[in-house]
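Spelled out from the first residue to the last, the chains are:
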Amino acid sequence: MAGSGSFSADRTSAPRLRNGIVLAENLARLDEIAPSWLREQGVDFLVIGCPEDEVRWEAERLADFSRAAARAGLRRYLAPAGYGKVLDPDPAISSLYLHTHAHTLQVDSRGRRCARACPNDPRFLEWFAGSMRTLAWMVEANGFVWDAPSFYHSRGVWACRCSYCQRLFSAQAGFPLPQSLTTEVLDFRRQSLNLFLLAAAAAVQSVDRRLQSVIAPPAPLDPATDVSGADDWRVLAANSGAAALALVMAPEGRGYRLPDAGALQPYASAAAAEGKLLWLWLTAEELRPELVDEGRILARQLQAEAVVWSDYEGFARRKG
Ligand SMILES: [Zn+2]
């Protein structure tokens, strides 16, 4: 590794941790990124954010960039965003689908449609699978990241109670879908999201069976995740479509520190128990050298095979 690489300080004898960088900039700005420079800095793979509304216009640029990254020796994982918002890493990312297919949106516990498609609606599933197949076909990649899958939940209002969810639930449980988030409903939502993720993995593998799926559930230690439908790592790890799970973490508090390995160990163990690889994914606003070291130590404690850094801008600023 050359230059002032952030990742060149690893001198332990343990297996080398792979380093990933998230590119969540506008696809139109991909031309400003030099894959060969990233490779020189010790980056092994890229997670490329693919917002639905941008992919429509920038697919060719995205495909060209991915090919250039491959030539530089970087693996590429595509992270679709928008696309009905079942995957919702960033609430600010829009989805044209939501405006054109209002009849497939989740219905909340007050009976209103929310700005998210229902993963149990077959019309949405068909469109989503088709969109992912197209993306997999257009852009040469090594895999897909399914980022922050979740059902709608806000201030005690939850979804989904659409006709498909009602029918599926009562067929499985033998009684109507309750009005409150009972244990059975929470479990139904978990199984529904897991089937959605399985369908997503199958869709891209129908184009190329080597395409790996990485599930990045919403941040595990965040209480909001408990009602997202993606809170049970034993369920997600058992998903036969997934090759890896990503543990999404943000440094917190005045010291801008990462959580202890002990708090995260149950998640790492759930992944390991199903033979799934673990990525430690750090959503840091500032990539300080101490944080890089701390992240590496934590990743080793959890036996992660990769660390993913979300701050490309901060990483690039270190170039000088
Ligand atoms: Zn539904």
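That block above? That's the structure.
Bear in mind the structure is a predicted one, so any value in this text is a computation, not a measurement. (Residues numbered from 1 in each chain as written. Predicted model: local features only at pLDDT ≥ 70, side-chain atom pairs only at ≥ 80, totals over all residues.)

Chemist: Would you mind showing me how to read helix H4 (residues 122-138) here?
Modeler: Residues three or four positions apart in an α-helix share a direction because the helix packs 3.6 residues into each turn. With 17 residues, H4 extends 24 Å between its outermost C-alpha atoms, agreeing within 8% with the 24 Å of an ideal straight helix rising 1.5 Å per residue. The set of residues buried in H4 consists of Phe124, Leu125, Phe128, Met132, Leu135 and Ala136. Along the axis of H4, the buried positions cluster into a sector of 100°, meaning they face one direction only. Away from its buried face by more than 90 degrees, H4 exposes Pro122 and Gly130. Structurally, H4 contributes buried residues whose contacts are with strand E2 (45-51), helix H2 (52-71), strand E3 (75-81), strand E5 (113-117) and helix H6 (183-205). (Helix = DSSP H or I, 4+ residues; strand = E, 2+ residues; numbered from the N terminus. Expected span 1.5 Å × (residues − 1). Buried ≥ 20, exposed ≤ 12 C-beta atoms within 10 Å, placed from the backbone. Arc of directions from axis to C-beta. Contact = placed C-beta atoms within 7 Å.)

Chemist: Just checking my understanding: could you explain the packing of H4 against H6 for this structure?
Modeler: Two numbers describe a pair of packed helices, the interaxial angle and the distance between the axes. In contact at an axis separation of 8 Å, H4 and H6 are set at 40° when each is read in the N-to-C sense. Taken together, H4 and H6 sit at an angle that is classed as oblique. As H4 runs across H6, the sense of the crossing is right-handed. Two secondary-structure elements touch here, H4 through Leu125, Ala129, Met132, Arg133 and Ala136 and H6 through Ala199, Ala200, Ala203 and Val204. Among the residues forming the contact of H4 with H6, the class breakdown is eight nonpolar, no polar and one charged. (Axes fitted to C-alpha atoms, helices over the stretch in contact; angles between N-to-C directions. Parallel < 35°, antiparallel > 145°, perpendicular 65-115°, else oblique. Left-handed = near helix turned anticlockwise from the far one by under 90°. Nonpolar A, V, L, I, M, F, W, Y, C, P; charged D, E, K, R; others polar.)

Chemist: Would you mind showing me how to read the sheet that holds strand E1 (residues 18-23) here?
Modeler: Strand pairing in a sheet takes place through backbone hydrogen bonds and is either antiparallel or parallel in direction. In spatial order, the strands read E1-E2-E3-E6-E9-E10-E11-E12; together these eight strands close into a barrel with parallel pairing. Strand after strand, the sheet turns through a mean of 25° between neighbouring axes, direction not considered. Pairing geometry for strand E6 (residues 143-147) and strand E9 (residues 212-216), over five bridges, is parallel. Bridging from a neighbouring strand, aspartate 147 pairs with alanine 216 of E9. Strands in contact with helix H9 (residues 289-301) are strand E11 (277-282) and strand E12 (306-309); relative to E11, the strand with the most contacts, it is inclined by about 160°. (Pairing = 2+ DSSP bridges.)

Chemist: Help me understand the pairing of E11, please; the structure alone is not making it clear to me.
Modeler: For a regular strand, side-chain orientation follows a simple rule: the groups alternate between the two sheet faces. For E11, a buried count of five out of six residues is recorded, marking the element as mostly surrounded by other parts of the structure. In terms of strand pairing, strand E10 (residues 244-249) meets E11 through six bridges, oriented parallel. Bridged to alanine 246 within E11 is tryptophan 279. In this fold, E10 hands off to helix H8 (residues 261-273), which returns the chain to E11; that crossover is right-handed. For E11 and E12, the ladder comprises four bridges, and the chain directions are parallel. Among the inter-strand pairings, leucine 280 is bridged to a residue of E12, identified as valine 307. Once you follow E11 into H9 and on to E12, the crossover reads as right-handed. (Right-handed = clockwise from strand over helix to strand, strands pointing away.)

Chemist: For this particular structure, what's the right way to read the environment of valine 235?
Modeler: Mapped onto the fold, valine 235 is located in helix H7 (residues 233-237). C-alpha separation for the pair valine 235 and aspartate 108, spaced 127 residues apart in sequence, amounts to 24 Å. The residues contacting valine 235, other than those within four sequence positions of it, are Arg190 and Asn194.

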